[in-house]
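# Examining the three-dimensional arrangement
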Amino acid sequence: MVDCAAGSDVDAGRDGTRVNGLKVALLQVSYGDDEPLRDRVERVSQWVRGLEPTDLVLLPELWAHGGFASASWRTTAELVSGQTIAQMASVARETGTWLHAGSVIEKADEGADRGSEGRGLWNTSVLLSPQGEVHKTYRKIHRFGFGDGEPRLLEAGTDLAVVDLEANSGSVRVGMATCYDLRFPELFRQLGDQGVEVVLLPAAWPMPRVEHWRLLGRARALENQTWVLQCNTAGTHSGVEMGGHSQIVAPTGEVLAELGSGEGALVAELDLDLLKRVRADFPVLADRRLSTLGY
Ligand SMILES: NC(=O)CCC(=O)C(=O)O
């Protein structure tokens, strides 16, 4: 059963219309261990095709390869040009929308750099343009697992990902981060310093720590005065119950819209001018004392 939540207005104009609105849809994909990878890719493709038109669709972390299915990552890993991203690129082209395809287990191409630990595998998020081109990739910098899972099997990403999108409402600068990255405020501060207005954060965040997820998303949005779009997974796979509760957080730290724990779509329109107003009205970032603190 798919739930649908529409965001309430944080700051609608007096007549209810918006200036500079960016319409987004976050798909909280639920899955277990029984659904084959290719079936899930097909199911999610159909879901995106059936959405009302939006500027940007965001999918969760490793929704195809399994956020905690680390035992199979070596065998299911794909090139960024592999089948999963190729299919999602077709969907982006057909629907004419920016599609953040969540993340995949990326394997290094033959002869290409395999990373500093020589593993040749990454947790890589892929942002596709409405023309179906790979516009930007982001390899997750902070690996989750405390010595197991990601840090045992994958390489750590080394580069920030900041990119401008041309949407119907104009240009918007987005930054990419993934799941566990949410616990590292210095990454979000750097994205903010590069002019990011909207952070796109796919995740496979488990239920037992879902309150951390909600709180940290609000903190990252509030302290950097940016939008934070958090798209989590639902269901239970590899023995881990996912937390759901995807949310869209405004630069005020307020939650514009959120989902519960099951599968669902979160559709909302972001007033991008709100960010400028919040920064003008409460210019906290201008009061930083970086040199005093040794930066
Ligand atoms: N997939 C992840 O990065 C999980 C992160 C997590 O569970 C946590 O930070 O807590």
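Described below are features of the structure shown in this document. Model, not experiment: these values are computed from the prediction.

So, how was this worked out
- Residues numbered from 1 in each chain as written.
- Predicted model: local features only at pLDDT ≥ 70, side-chain atom pairs only at ≥ 80, totals over all residues.
- Heavy atoms only, no water.
- Helix = DSSP H or I, 4+ residues; strand = E, 2+ residues; numbered from the N terminus.
- Core = buried A, V, L, I, M, F, W, Y, C linked by side-chain atoms within 4.5 Å.
- Buried < 20%, exposed > 50% of the residue type's maximum accessible area, 1.4 Å probe, protein only.
- Polar contact = N/O pair within 3.5 Å; in protein donor to acceptor, adjacent residues only side chain to side chain.
- Contact = heavy atoms within 4.5 Å.

## With respect to unusual backbone geometry
Unusually for a residue other than glycine, L62 sits at a positive phi of about 45 degrees. Inspection of the secondary structure assignment puts L62 in the loop between β3 (56-58) and α2 (70-76). Even without a glycine there, the phi angle at F146 is positive, about 50 degrees. Inspection of the secondary structure assignment puts F146 in the loop between β6 (134-139) and α4 (150-153).

## Regarding the nonpolar core
Generally speaking, nonpolar side chains in soluble globular proteins are found buried as a group. In terms of nonpolar packing, the biggest core is built from 50 residues, with V198, W227, L229, I248 and L270 touching the most fellow members. Here this core gets 5 residues from one element, more than from any other, and that element is strand β7 (residues 161-167). Counting 27 residues, the second largest nonpolar core, distinct from the first, contains Y31, L59, V104 and L128.

## Details of the side chain of H142
With respect to the element layout, H142 can be found in the loop between β6 and α4. The exposure class assigned to H142 is buried, which follows from its relative accessible area of 17%. Here the side chain of H142 touches D181 through a polar contact of 2.7 Å, side chain to side chain. Excluding residues within four positions of it along the chain, H142 makes contact with E150, Y180, D181, F184 and L187.

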